[in-house]
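# Structural characterization, general
Here are the chains, one letter per residue:
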Amino acid sequence: MLPKLRRVLIGLALCLAGITSPAIAQEVLKFQVAGQNPGGESGYSGTVELTKAGTSSGTIRWVTGTNKEVTDGIVIRTDKAIGAAYGGEALYAMAVYELKGKSIHATWITSAKPGEAGNYTLTGSDFKGTCNFTDGTAGNVTFTQGKGGLYKVVWDLQAGRYEGIGVRHGDVLVAASGDVKKYFGVAAYAPKGDDIAGVWGTTQMTSPGKETWSLPGDGAEPMAKAPASDGRSVVFGGQTYQLMENKSAPGQATSELREYLQPGEDWASYRKLVGLRMQNVKGADATTLRAPRWNRCRSSTPAAS
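Residues numbered from 1 in each chain as written. Predicted model: local features only at pLDDT ≥ 70, side-chain atom pairs only at ≥ 80, totals over all residues. Heavy atoms only, no water.

This part is about the packing of aromatic side chains. This structure, assessed with the given rule, holds 9 aromatic pairs. Ring centres of Tyr 86 and Tyr 183 lie 6.4 Å apart, and the angle between their planes is 50°; this geometry places the pair in the tilted category. Here Tyr 86 is found in strand β5 (residues 82-86), whereas its partner Tyr 183 is found in the loop between β13 (172-178) and β14 (185-192), with 97 residues between them in sequence. In this structure Tyr 86 comes out as buried when scored by relative accessible area, which is 9%. On the basis of relative accessible area, Tyr 183 is assigned to the partly exposed category, the value being 38%. Summarising the aromatic geometry, the rings of Tyr 120 and Phe 133 are spaced 5.2 Å apart at their centres and angled 65° between planes, so their arrangement reads as edge-to-face. Of the two residues, Tyr 120 is situated in strand β8 (residues 118-123) and Phe 133 in the loop between β9 (129-132) and β10 (139-145); the sequence distance between them amounts to 13 residues. (Phe/Tyr/Trp six-rings, centres within 6.5 Å; stacked < 30°, edge-to-face > 60°. Helix = DSSP H or I, 4+ residues; strand = E, 2+ residues; numbered from the N terminus. Buried < 20%, exposed > 50% of the residue type's maximum accessible area, 1.4 Å probe, protein only.)

Here it is, written out as structure tokens:
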């Protein structure tokens, strides 16, 4: 069976990247969550749910603990990471920073408009010291790592000075700005095997905690077995999808992609699709799909291939 995470990330990427129609309905992805507080003092579990609000961003909700405590926040997905922040009125905005050679690429959103993501690039090859905007915009961003591992981040902008916190996960740093005298938090995640793993921190902490997401019902989905039959149908979430005229979205069939619709639906109008993408296989046809990746999207109009 393919790693579950790869299947989920491809679905998330295709939907949030706008590969489906602009009229696409909101997508929701739900995971089981298991976390550990700083120092390994105690743990927690529950669920986390991501809801699409924009091209690469949206909202996030954790439900954890025996009391089912609800924490709402905002989330950004990039090609290699997921960043999240939470804190209610104390939270202003968040950004996902990625090291790319001798520059730092940023994707950011505000808590007021989580569906409207922006981008900018900073000078620098690491999250250290003061970094300027590469396009000459006045202002800068300063990263300072604390002894416990959390970062202090300061934005000196034309609009004013903002302070916040950040957590680093590999070549990615996720930072959030807000009222640092109040409580808000930030988290950074990346693929790890079959799961999504990351670190998180808050304004009341000096060292990060850990958190892992996994798909619910491990091993319960028949999706991985269906394509190995005849490639003509696949079952996901208890629903059957059929290969439509050996075409792709719609168009000529390729060896890389097959897309399936529910019975009775066509390319002119459909509610859901399942896409199977080949891995390292050339010249295959619909009946020889053996190593698929999948995504599920919802739409009222055909998806673009």
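Of the voids in this model, the largest pocket is the one considered here, and its volume is about 440 Å³. The set of elements that each furnish at least two residues to the lining of the largest pocket consists of β6 (91-100), β7 (103-110), β8 and β11 (151-157). The element contributing the most residues to the lining of the largest pocket is β6, with 5 residues. When grouped by side-chain class, the residues that make up the lining of the largest pocket number 13 nonpolar, 7 polar and 1 charged. Lining the second largest pocket are 14 residues, with Thr 64, Glu 69, Thr 71, Tyr 86 and Tyr 183 positioned closest to its centre. Elements supplying a minimum of two residues to the lining of the second largest pocket: β3 (57-64), β4 (69-77) and β14. Split into classes, the residues belonging to the lining of the second largest pocket amount to 7 nonpolar, 5 polar and 2 charged. (1 Å grid on protein atoms, 1.4 Å probe; cavity = no way out; pocket = protein on both sides within 12 Å on 5 of 7 lines; lining within 4 Å. Points joined across faces, edges and corners; volume = space filled by probe spheres on them. Nonpolar A, V, L, I, M, F, W, Y, C, P; charged D, E, K, R; others polar.)

This part takes up the environment of Ala 85. Position of Ala 85 among the secondary structure elements: in strand β5. As for Ala 85 and Thr 202, which are separated by 117 residues in sequence, their C-alpha atoms are 9.4 Å apart. When near neighbours in sequence (up to four residues on either side) are disregarded, Ala 85 contacts Gly 73, Ile 74, Leu 91, Met 94, Ala 176, Gly 185 and Val 186. (Contact = heavy atoms within 4.5 Å.)

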